[in-house]
Amino acid sequence: MPPEPFRFMDCALIILALGRTAHGLRELRDRAAEVPPQSIWHHFYETLLRPTFDDPEYRNDFALWARRGLRDHVLAERLAVIDPLEFDSLERLREHFVDDHDDRLAETPGPPPVRPGQEFHFLRSQMIVVDTGFRAATPGEMAAQIPTLPPGSLYYHFIEGRRHPGRRDDDFSAWLAEWGEGVATLRERLDAIDFRLWPLTDLRRLVGAALAGRPAVEGIR
Amino acid sequence: MSATLEAYAEAAGQDAIQHLRHLARPLRGARVVHVNSTAVGGGVAEILARLIPLKRELGIDATWEIIEGDAEFYAATKGFHNALQGQPVDLPRRLVEHWLEVNRANAERLRASLADADFVFIHDPQPAPLFGAIPDRRGRWVWRCHIDVSHPHRPVWKTLRTVVRGYDASVFSMAAFAQPLPHPQYLVPPSIDPLSQKNRPLDPDEAARATAPFGLDPSRPVILQVSRFDRFKDPVGVIRAFRMVRPHVPIQLVLAGGSASDDPEGEEVLAEVRAEAADDPDIKVLLLPPDAHTTINALQRLATIVVQKSLREGFGLTVTEALWKGRPVIGGEAGGITLQVFDNHTGFLVNTPEGAAFRIRYLLSRPELIATMGIKGRRLVRENFLLTRHLREYLTLILALKDAAVDRVEVAS
């Protein structure tokens with residue numbers, strides 16, 4: 001019996017200011033220790049859904065701020081490679097993040113504050129999730145639907161989906177797994193996409209190409 | 001769905017339109033009212049003029065109301081505007097009382113529309129006291145602040161704070177503008193309309209006709225700043241930058257601006273700009289009427305480089321407009337300009353006339369960089385600062401307002 005059709009969802013964010021601001025490295029560390037953990041996640045991954053420049057030096061807000069605001073390239077490089085999905089919980093992520101800052105503070109006693117206007121503002125978001133009404137009954141239908149999806153839908157299924165408890169793969173791969181070994185190649189192609197490196201519109205092309213069996217980076221930019 | 005929303009698909013992408021329909025479905029029939037203080041002039045009126053019809057097309061019962069005031073009222077609200085952007089303005093108690101009184105009068109006129117609305121968006125300080133003047137309100141009220149209030153003159157901010165603190169939420173354009181208030185503070189950057197007269201594609205003949213009256217020399221690069229004649233836009237600083245560049249490169253400068261009906265200082269600043277420009281034939285100071293959208297469109301397309309050397313800036317929609325037309329922007333490192341101008345990608349951020357002059361010379365010597373920046377700037381606007389994104393965030397905000405404490409809301413279609 002084939003799996004239930006795949007339900008394509010869509011999501012959008014509205015951003016809120018937390019009123020917590022860091023003027024330097026120590027304040028960033030202290031604020032990160034006290035803000036809601038969802039804020040930490042927001043600054044790592046939800047940047048993709050926020051109006052922002054899509055070709056920055058790094059893909060998370062903390063690394064970017066370390067580079068541009070603090071002008072601390074060592075810290076920026078360390079923060080750039082943190083992947084929240086590798087942690088069991090957001091609290092574990094926070095501990096690691098604060099530890100990294102403590103390490104850096106030990107290396108650079110008395111780091112200077114940033115210039116006025118360069119402060120780091122902690123944000124959080126509210127995510128609205130809606131059903132698109134689109135369905136895919138087969139892997140082929142899924143591949144055909146991908147290029148038409150809004151970026152929010154890609155985010156929801158290909159990134160946010162990895163946060164489901166007890167699972168590390170995306171929603172598309174999880175559904176394809178129900179089809180058995182016959183579509184193992186498709187899952188391998190999806191798994192080969194380094195989703196941490198791309199804006200959502202490029203990611204949509206990569207996922208679409210992977211499911212359709214086209215070369216992965218064809219058509220990017 | 002009607003053609004109006006579909007018309008945006010070419011500029012924003014069909015996926016963006018689909019996204020809007022998904023989000024609007026649960027809001028069909030909701031009564032949403034926006035209130036501001038002017039029907040023409042300034043970015044807020046321009047955005048509302050297009051946003052309201054699109055919301056209606058999506059099935060939302062959206063309307064737009066405009067408060068009415070006299071000269072003294074606008075003197076008060078201009079004082080608020082300047083003080084909130086950091087000028088140490090002494091706002092006499094008499095003017096504050098008049099501001100409240102005018103709002104009470106407007107509340108009587110608008111009560112039927114506002115009291116029963118599901119969601120009310122009050123734009124900027126001018127109509128903010130309507131909240132207190134309509135105690136029998138039923139829906140959720142949001143104060144939408146378009147101004148850079150990152151460093152307000154505190155006495156005036158405290159006056160305004162007592163008026164806006166009761167709202168259900170406030171919206172600022174950037175995190176740096178948010179002020180401590182006892183309610184959720186959402187962040188929504190503004191946007192431009194790619195189909196408006198000011199931003200639609202122009203054929204070369206039409207563009208040439210629109211700029212012909214100004215006598216510009218087609219053989220020399222044009223540097224352009226479009227903005228109200230307002231000291232925060234630093235038009236005099238732009239003239240100084242221009243004069244530093246001209247000995248090195250033969251260029252022309254156009255300062256094009258209009259005046260909004262709620263800005264009594266415009267004429268005074270215009271006189272200062274004209275005095276600084278003197279009779280320099282390479283500087284064109286253009287006071288344009290509020291409906292000169294095609295002219296501005298043509299000037300932005302004619303310009304080689306667009307400058308927006310603001311000292312304070314809410315968002316800087318003229319920057320967005322220029323980027324959309326594929327022009328690099330040299331912008332003041334202020335407010336929302338920093339969300340749009342990225343050094344070496346879409347333009348350069350500067351802090352002084354000297355900085356602006358250097359970057360103008362730098363870019364004029366690199367035509368290929370001007371072209372590359374133009375492509376990147378247009379993409380930045382397409383993906384982030386078009387009206388469709390703005391509409392998306394309003395829809396998301398309305399859905400989120402049902403419970404601002406939760407991180408995730410799953411909406412039944």
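Procedures and definitions
Residues numbered from 1 in each chain as written. Chains lettered and ligands numbered in written order. Predicted model: local features only at pLDDT ≥ 70, side-chain atom pairs only at ≥ 80, totals over all residues. Core = buried A, V, L, I, M, F, W, Y, C linked by C-beta atoms within 7 Å. Buried ≥ 20, exposed ≤ 12 C-beta atoms within 10 Å, placed from the backbone. Helix = DSSP H or I, 4+ residues; strand = E, 2+ residues; numbered from the N terminus. Contact = placed C-beta atoms within 7 Å. Pairing = 2+ DSSP bridges. Axes fitted to C-alpha atoms, helices over the stretch in contact; angles between N-to-C directions. Domains from an automatic or database assignment. Nonpolar A, V, L, I, M, F, W, Y, C, P; charged D, E, K, R; others polar. Left-handed = near helix turned anticlockwise from the far one by under 90°.

(A) Representation of the nonpolar core in the model. Residues V120 and L224 of chain B are the most contacted members of the largest nonpolar core, which totals 181 residues. Top element by residues in this core is strand β1 (residues 6-22) of chain A. It accounts for eleven residues. Those residues in contact with V120 of chain B that sit more than four places away from it in its chain are V33, V35, L114, G139, W141 and V142 of chain B.

(B) Local environment of the sheet that holds strand β9 (residues 283-287) of chain B. Residues and elements named next belong to chain B. The parallel open sheet is built from six strands, whose spatial order is β9-β8-β7-β10-β11-β12. Each of the sheet's edge strands pairs with one partner strand only, and the pair in question is β9 and β12 (347-350). For this sheet the average axis-to-axis angle between neighbouring strands, irrespective of direction, equals 20°. Relative to β12, strand β11 (residues 329-332) runs parallel, the two being bridged by four bridges. By the bridge assignment for β12, V329 is matched with G347. Where helix α10 (residues 235-245) meets the sheet, it contacts β7 (222-226), β8 (252-257), β9 and β10 (305-308), and its direction lies at approximately 170° from that of β8. Where helix α11 (residues 266-277) meets the sheet, it contacts β8 and β9, and its direction lies at approximately 165° from that of β9.

(C) Local environment of the domain arrangement of chain A. Residues and elements named next belong to chain A. Taken domain by domain, chain A holds domain 1 (12-124) and domain 2 (138-212). On a C-alpha basis, the centroid separation for the pair domain 1 and domain 2 is 27 Å. Here the side of domain 1 that touches domain 2 is composed, by residue class, of five nonpolar, no polar and three charged.

(D) Highlighting the packing of helix α4 (residues 43-57) of chain B against helix α16 (residues 387-400) of chain B. Residues and elements named next belong to chain B. Where α4 contacts α16, the two axes come as close as 11 Å, and the packing angle between them is 65°. Our pair here, α4 against α16, has a crossing hand that is right-handed. Residue-level inspection shows I47, R50, L51, L54 and K55 of α4 in contact with α16, the latter providing L387, H390 and L391. Residue composition of the contact of α4 with α16, grouped by class: five nonpolar, one polar and two charged.

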